[in-house]
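Understanding the architecture of this molecule
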Amino acid sequence: MEATRTTCPYCGVGCGVLARPDGTVAGDPEHPANFGRLCSKGAALGETIDLPGRLLYPEVGGKRASWDAALDAVAEGFSRALRQGGPDSTALYVSGQLLTEDYYAANKFAKGFLGTANIDSNSRLCMASSVAAHRRAFGEDIVPAVYADLEQADLVTLVGSNLAWCHPVLHQRLMAAKAARPQMRIVVVDPRVTATCAGADLHLPLAPGSDVALFAAVLARCADAGFAAPGMEDALAVARGIDPGLTGLAPDAIATFCDWFARTEKSVTLWSQGVNQSGAGTDKANAIINCHILTERIGKPGASPFSITGQPNAMGGREVGALANTLAAHLDWSVPAEVAALRDAWGAPNLAMGPGLKAVDLFRALGAGTIGALWVMATNPAVSLPDGDGVRAALKRAPFLVVSDCTRESDTVDAAHVRLPALGWGEKDGTVTNSERVISRQRAFLPRGGEARPDWWAVAQVAKRLGFGEAFAWDGPAAIFREHAALTALVPESRRAFDISGLAEISDADYAAMPPTRWPVASRGAPGERLAPAARFIPTPYRGLAQPGAPLTLLTGRLRDQWHMMTRTGPLPRLMAQAPEPELTLHPDDAAGIADGALVRLGNAQGSAVLRARLDAGQRRGSCFAPMHWTARFCVGARVNAAVLPVVDPISGQPELKGAAVAITRY
Ligand code: SF4
């Protein structure tokens, strides 16, 4: 039985997988992300093919329906909302689990034809702060680095990243490089001792939310060491005004790190959700990038800032503009010629003319009754967004809710008026882009489950019923990809980094066989490697946590062997064995009489969750940690986001998921 070359559906490393219908999987030795490696989740993919609780047939009003009846109902629901409330009373909430072609179709439908920019992605919870920081520093959402830079660097600083658990294959590559070159230094900047610290030369357990103060100290130290660059004055003046003591770190530890950074030419600073999921996430990312601008370490071998993000389609949604504040192909809303070019390319009758509601505001609007029709795809906001109880109530009150998913068992699916069965991994066909700009194919190697169909197809069918069929007349994902690639040529060459116009004429056969391909892929020249964009300094004043930590600051995050809401990983005993139940990690000094293993309630006026206490001296005093994964399907009452306030970064709109003020009581 021949193996199909496809891509792992979990994290943004984007590992290549060789998969067979009998469930045999192996790492793809030819894929440039993993060269044959897989982590525990990826290696178990074959055991998760028979997903329990699949949504296999369309449902309307809780009853099985034909696709025609379900699509008619969706079209009627959106028509009604358009008639009664206009374009902005409609909305879509999509996901980094979608393939780029599905993402593209949803974004075109909303922004070009419904006429609303009220389409946001659960990627808002993942990398919106980095996108905003890139746009401020580089003028475009550009990730300059590639994975090989981690192997070539002499100093790798991991900020707010438990790389060993959250991007395991990348961590394996880093550890292999460190074994080959022990002189390479690794620094982990994280309030708690994580698995990643085991391979580090220095751990800086800074106070939650204080990253800007640390990188202000680095910027000042680099300037003192003689680095200088045009335009640095304002950012440097702001940095010099910030007290490094805000980090809570020992002065000699800060000095050591600053010295290492200033002296090491080949330096990569990688950051993830500890930076992004913050009320000051954009400033934190810009504070890091500032240090790389000053030392001219951007997009060079072994020297770059590097944002690593979470989902399998780490960049696809950013490329097609499926965030409420972005346009397709990195086109710029503030440039009328670019907006007009997109309108003409799409033949869009009603192009949205400015940003729409970002995730938290979108669900606030749903709760307030100003959204008449919402379509959710491949995500469970009732669990993943802050104020989980408020989101759940808003979904229940929604006048018209459509959910496309491959599972029947989610809080969001439960609330839907129309349920559309989506294809699962192994059934879908399209592309994803990983954290180093590599576009890979996800290929089907399994028969479709029940009556499940592609998400792009469902969008096109609804668009047709609303009278827009001509613009959605694709015969498959290759046609969508060509249209998406062609749009990238609309961006003026002077500021066009995301360029895949060289793939705009790709044939169906070449699309089917497309190897992993890193952008840019311009119509002229070979596929790109590193990018070295012109950059500008952004002053980053210090702002602490928006939800001050009294008495404890709750940090949330991933476990090594679970993925998001556990739909695929939770039913597998082998993966569940790593952490059979949700635990709250506390420093023993914060336990206040609570014994290791006792059940505790964590919470505040917003909401609460019940978990088992685990006392660990590696947890920073004054903070606690809980995994984000648990839904009622696997453990009732352990949804920690119920206790997280819907506070967002004012620039990126990304929620502060690491920073809720909670109290702990015995249960
Ligand atoms: Fe999948 Fe990420 Fe593991 Fe690679 S590192 S196998 S992409 S979960």
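If you're wondering where the values come from, they're calculated on a predicted model, not measured in any experiment. (Residues numbered from 1 in each chain as written. Predicted model: local features only at pLDDT ≥ 70, side-chain atom pairs only at ≥ 80, totals over all residues. Heavy atoms only, no water.)

Attention shifts here to the layout of surface pockets. Roughly 360 Å³ of internal volume is contained in the second largest pocket. For the second largest pocket, the lining is made up of 21 residues, of which W165, L559, E583, T585 and F625 are closest to its centre. Broken down by secondary-structure element, the contributors of at least two residues to the lining of the second largest pocket are β20 (583-586) and β23 (623-627). Residues belonging to the lining of the second largest pocket are distributed by class as follows: ten nonpolar, six polar and five charged. (1 Å grid on protein atoms, 1.4 Å probe; cavity = no way out; pocket = protein on both sides within 12 Å on 5 of 7 lines; lining within 4 Å. Points joined across faces, edges and corners; volume = space filled by probe spheres on them. Helix = DSSP H or I, 4+ residues; strand = E, 2+ residues; numbered from the N terminus. Nonpolar A, V, L, I, M, F, W, Y, C, P; charged D, E, K, R; others polar.)

Let us look at the packing of aromatic side chains. Tallying each qualifying case throughout the model produces 19 aromatic pairs. Judged by centre distance (6.3 Å) and plane angle (80 degrees), the ring pair of F78 and F400 falls under edge-to-face. Taken together, the residues F78 in helix α2 (residues 67-85) and F400 in the loop between α17 (388-397) and β14 (401-405) connect sequence positions 322 residues apart. A ring pair is formed by Y93 and F363, whose centres lie 5.0 Å apart and whose planes are at 90 degrees; its orientation type is edge-to-face. Placement of the pair is Y93 in strand β6 (residues 90-94) and F363 in helix α15 (residues 359-368), with a sequence separation of 270 residues. A residue is classified by how much of its surface remains accessible, and F363, at 4% relative accessible area, is buried. (Phe/Tyr/Trp six-rings, centres within 6.5 Å; stacked < 30°, edge-to-face > 60°. Buried < 20%, exposed > 50% of the residue type's maximum accessible area, 1.4 Å probe, protein only.)

It is worth spelling out the site of the ligand at this point. All residues in the neighbourhood of the ligand are listed as C8, Y10, C11, G14, C15, L38, C39, K41, G42, P168 and V169. Judged by the fraction of its atoms near the pocket grid, the ligand is located in the largest cavity. When residues of the shell around the ligand are traced back to their parent elements, those giving at least two are α1 (40-43) and α7 (168-180). Of the residues that constitute the shell around the ligand, the class distribution is eight nonpolar, two polar and one charged. (Near = heavy atom within 4 Å. Sits in = over half its atoms within 2 Å of the grid points.)

For the coordinates displayed, the defined rule picks out 36 salt bridges. We note a salt bridge from R574 to E47, for which the minimum N-O separation is 2.2 Å. With R574 in helix α22 (residues 573-576) and E47 in the loop between α1 and β4 (59-60), this pair connects stretches of sequence that are 527 residues apart. Taking the shortest distance from any N to any O, the salt bridge between E59 and R419 comes out at 2.7 Å. Separated by 360 residues along the polypeptide, E59 in strand β4 and R419 in strand β15 (residues 418-421) bring together distant segments of the chain. Like E59, the residue R419 is buried in the burial classification. (Salt bridge = Lys/Arg side-chain N within 4 Å of Asp/Glu carboxyl O.)

Shape is all these values report; function is a separate question.
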